[in-house]
Amino acid sequence: MAGLTHDTDEHKAIRDSVAGIADRYGPQYFLQRGRNGEGIEELWKDLGAAGLLGLHLPEEYGGGGGGMAEAVVVVEELAAHGMPLLIWVISPAICGNILAHHGSDAMKKRWLPVIADGSQKMAFGLTEPDAGSNSHNVNSTARKHVAGWAISGSKYYISAVDQCDALLVVARDGDLSTSDKSQLSLFVVPTDAPGLTYQQIDTSIVSPDKQFTVFLDDVEVGPDALIGDAGNGLRQVFSGLNPERILVGALSTGIGRYAIGKAADYARERKVWSTPIGAHQGIAHPLAESHIAVELGRLATVRSAELFDAGQPCGEAANIAKFAASEAALKALDQAIQTHGGNGLSHEYGLSELWFVTRLMRTAPVSREMVLNFVAQTSLGLPRSY
Ligand SMILES: Cc1cc2nc3c(=O)[nH]c(=O)nc-3n(C[C@H](O)[C@H](O)[C@H](O)COP(=O)(O)OP(=O)(O)OC[C@H]3O[C@@H](n4cnc5c(N)ncnc54)[C@H](O)[C@@H]3O)c2cc1C
């Protein structure tokens, strides 16, 4: 089926390349690694070697010279093969985009080639125990001194920091902030820096990418650790947050395609009475509705990527895409589980264990309520309640 979106020849080639690699591993590889708390180093290395981690990064720094439109194809296709990789969204997309847009030449030379070839990774540290939906509340503080900066505070729900060589830290600038207004600055902090420690948060999510609380206790970094301009971090961080929303759209529509594909295959084969269960409209219609919702989510995701790549305002489109795609994915997965009857809950069929990673997309990186607040206030001009 053609669906609502159309791949260019280049996008089709990227999709085929991702599918070729993903098929060699399969959904059970992703789930088993996640279940056992193990990583996916071989898959990551293969994606890097095929140029599928940095195709949105500038060519002069080892990337492919494309944009979010190409990143969307990769992330969606991996998820459509049962591999929703959070780390792709974090290291190449959020951190890679912030560095590509605001990093110094030296910083780009140091980090972008290794992010693109997969040999190193960077985690993203914005959220804190008291700064989730309200990111203005960031309390981790960076203080300037003669030889650089000292950073103290804690970060909460930091994905995959155990696999990463550095953490992109969003901190309150101790000198530029006042008691009523925080000015944020961004830093690249090596994960082996003295004073940086982390502790795993146990969650229900089955994924090779685990979650951590990170503690920063007077962590010293040189002046070259600062990204862009001090105090301008909030504006700069949006070069990473819109790509994050767009790629959560892609990851969600990929899961939706995976779930609906498996459900349709099962519903064509499984007979309980005289016809395959797919002939019953109680099974067929919800799957058809899910397909429609996922295709609309894909359309919104592709459009928001186009706007981002064209340098146009894309906040509204990225929020709409994230919302539409994540809601569609969750309904599609639930319906796929239902279509499989009891088998929907077995590990063998590779569906139910994707539940929490899919459910996550309703809460993070931006919750459905905060998207609705954004749309109510920005698109509809309604007043804020907070
Ligand atoms: C698995 C996982 C991975 C994550 N990875 C990262 C990461 O790598 N890096 C990182 O920096 N962060 C990460 N996060 C954090 C994530 O971005 C936050 O969890 C998210 O922004 C929500 O913040 P919170 O958890 O503090 O919820 P809260 O802000 O405490 O919100 C609680 C509830 O109240 C609602 N709410 C709050 N304010 C309003 C309002 N004004 N109107 C209506 N409803 C409201 C929210 O929608 C939510 O439902 C991750 C989170 C999870 C769960």
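An account of the accompanying structure is given in this report.

So, how was this worked out
Residues numbered from 1 in each chain as written. Predicted model: local features only at pLDDT ≥ 70, side-chain atom pairs only at ≥ 80, totals over all residues. Heavy atoms only, no water. Helix = DSSP H or I, 4+ residues; strand = E, 2+ residues; numbered from the N terminus. Rg over C-alpha atoms; globule rule 2.2 N^0.38 Å. Buried < 20%, exposed > 50% of the residue type's maximum accessible area, 1.4 Å probe, protein only. Contact = heavy atoms within 4.5 Å. Areas by Shrake-Rupley, 256 points an atom, 1.4 Å probe, with all protein chains shown as cover. Lys, Arg positive; Asp, Glu negative; His and termini not counted. Charge placed at Lys NZ, Arg CZ, Asp CG, Glu CD. Phe/Tyr/Trp six-rings, centres within 6.5 Å; stacked < 30°, edge-to-face > 60°. Lys NZ or Arg CZ within 6 Å of the ring centre and 35° of its normal. Core = buried A, V, L, I, M, F, W, Y, C linked by side-chain atoms within 4.5 Å. 1 Å grid on protein atoms, 1.4 Å probe; cavity = no way out; pocket = protein on both sides within 12 Å on 5 of 7 lines; lining within 4 Å. Points joined across faces, edges and corners; volume = space filled by probe spheres on them. Nonpolar A, V, L, I, M, F, W, Y, C, P; charged D, E, K, R; others polar. Axes fitted to C-alpha atoms, helices over the stretch in contact; angles between N-to-C directions. Expected span 1.5 Å × (residues − 1). Bend = angle between axes of the 7 residues up to and from the residue. Salt bridge = Lys/Arg side-chain N within 4 Å of Asp/Glu carboxyl O. Pairing = 2+ DSSP bridges. Near = heavy atom within 4 Å. Polar contact = N/O pair within 3.5 Å; in protein donor to acceptor, adjacent residues only side chain to side chain. Sits in = over half its atoms within 2 Å of the grid points.

1. Topic: the overall build of the chain
Line of reasoning, step 1. Broken down by element type, the chain carries eleven helices and eight strands.
Line of reasoning, step 2. Computed over C-alpha atoms, the radius of gyration of the chain comes to 21 Å, within 12% of the 21 Å expected from 2.2 N^0.38 for 386 residues, which places it in the range of a compact globule.
Line of reasoning, step 3. Each principal axis of the C-alpha distribution contributes one length, and for the chain these read about 80 × 50 × 40 Å.
Line of reasoning, step 4. Counting across all 386 residues of the chain, residues that qualify as buried make up 53%.
Line of reasoning, step 5. Long-range pairs, those at least 24 residues apart, make up 73% of the contacts in the chain between residues at least 6 apart in sequence.
Line of reasoning, step 6. Accessible surface, the chain: about 16900 Å² in total, of which carbon and sulfur atoms supply 51%.
Line of reasoning, step 7. Within the chain, one finds 31 positive and 44 negative side-chain charges whose respective centroids are separated by 4 Å.

2. Quick notes on the packing of aromatic side chains
One pair of aromatic rings is described through two measures. These are the centre distance and the angle between the planes.
Line of reasoning, step 1. Counted according to the given criterion, the structure contains five aromatic pairs.
Line of reasoning, step 2. On the basis of an interplanar angle of 65 degrees and a centroid distance of 5.0 Å, the ring pair of Y156 and Y157 is categorised as edge-to-face.
Line of reasoning, step 3. The exposure class of Y157 is partly exposed, given its relative accessible area of 41%.
Line of reasoning, step 4. Aromatic pair Y266 and Y349: ring centres 5.8 Å apart, planes at 90 degrees, arrangement edge-to-face. Within this pair, whereas Y266 is found in helix α7 (residues 233-269), its partner Y349 is found in the loop between α9 (315-339) and α10 (355-360), the two being separated by 83 residues in sequence.
Line of reasoning, step 5. When the ring centre of W111 is taken as origin, the NZ or CZ atom of R110, which lies over that ring, is 3.8 Å away.

3. Considering the nonpolar core
Line of reasoning, step 1. Of all hydrophobic cores here, the largest spans 107 residues; its most connected members are L85, W88, F124, F187 and L247.
Line of reasoning, step 2. Filtering out sequence-adjacent residues up to four positions away, F187 remains in contact with A142, W149, I151, L167, L168, V169, A171, V221, A225, L226 and I227.

4. Considering empty space enclosed by the protein
Line of reasoning, step 1. All chains considered together, the criterion is met by one cavity of 30 Å³ or more.
Line of reasoning, step 2. Size it by volume and the largest cavity reaches roughly 40 Å³.
Line of reasoning, step 3. For the largest cavity, the full set of lining residues is G39, I40, E41, K121, Q163, P208 and D209.
Line of reasoning, step 4. The residue inventory of the lining of the largest cavity, partitioned by class, reads two nonpolar, two polar and three charged.

5. Looking at the packing of helix α4 (residues 68-80) against helix α8 (residues 281-309)
Line of reasoning, step 1. Two elements in contact, α4 and α8, have axes whose closest approach is 8 Å; the angle formed by their N-to-C orientations is 145 degrees. Each of M68, A69, V72 and E76 in α4 lies in contact with α8, whose residues at this interface are R298, T301, A305, F308 and D309.
Line of reasoning, step 2. Taken together, the residues that form the contact of α4 with α8 break down as five nonpolar, one polar and three charged.

6. Description of α7
Line of reasoning, step 1. In this model α7 runs 54 Å from its N-terminal to its C-terminal C-alpha over 37 residues, within 8% of the 54 Å that 1.5 Å per residue would give.
Line of reasoning, step 2. Along α7, the helix axis deviates most sharply at S239, where the bend reaches about 35 degrees; the proline P243 sits within four residues downstream.
Line of reasoning, step 3. Taken across its 37 residues, α7 has 27 buried, putting it largely inside the fold.

7. Structural notes on the pattern of salt bridges
Line of reasoning, step 1. By the definition in use, this model includes 19 salt bridges.
Line of reasoning, step 2. As a salt-bridge pair, E295 and R298 come within 3.3 Å of each other at their nearest N and O atoms. Here the residue E295 and the residue R298 both occupy positions in helix α8, the gap between them amounting to three residues, near one helical turn. Residues E295 and R298 agree in their burial class; the two are buried.

8. Let's talk about the pairing of strand β4 (residues 166-173)
Line of reasoning, step 1. Counting buried positions along β4 yields eight of eight residues, so the element is predominantly enclosed.
Line of reasoning, step 2. In this structure, strand β1 (residues 122-125) lies alongside β4, joined through four bridges in parallel fashion. By the bridge assignment, G125 is partnered in β4 with V169.
Line of reasoning, step 3. Relative to β4, strand β2 (residues 141-145) runs parallel, the two sharing two bridges. Bridge assignment links A142 to a residue of β4, and that residue is D173.

9. Digging into the layout of surface pockets
Line of reasoning, step 1. The space that makes up the largest pocket amounts to roughly 1500 Å³.
Line of reasoning, step 2. G132, R245, P365, V366 and S367 are the residues nearest the centre of the largest pocket, which is lined by 47 residues in total.
Line of reasoning, step 3. Elements with a minimum of two residues in the lining of the largest pocket: α5 (86-102), β3 (148-159), α7, α9, α10 and α11 (368-379).
Line of reasoning, step 4. The dominant element in the lining of the largest pocket, judged by the number of residues it contributes, is α7, at eight residues.
Line of reasoning, step 5. Class assignment of the residues belonging to the lining of the largest pocket gives a composition of 25 nonpolar, 17 polar and five charged.

10. Regarding the site of the ligand
Line of reasoning, step 1. Taken together, 20 residues lie around the ligand, and T127, S133, Y157, S367 and E369 are the ones closest in.
Line of reasoning, step 2. Contacts to the ligand include E369, whose side-chain N or O atom sits 2.7 Å from an oxygen atom.
Line of reasoning, step 3. Under a 2 Å grid-point criterion requiring more than half of the atoms, the pocket assigned to the ligand is the largest pocket.
Line of reasoning, step 4. The set of elements that each furnish at least two residues to the shell around the ligand consists of β1, β3 and α11.

11. With respect to the environment of C314
Line of reasoning, step 1. Its place among the elements puts C314 in the loop between α8 and α9.
Line of reasoning, step 2. In the structure, C314 is positioned 43 residues away from K271 in sequence and 47 Å away in space, judged by C-alpha atoms.
Line of reasoning, step 3. Among all residues touching C314, those that are not within four sequence positions of it are N242, S304, L307 and F308.

In short, geometric facts, not functional conclusions.
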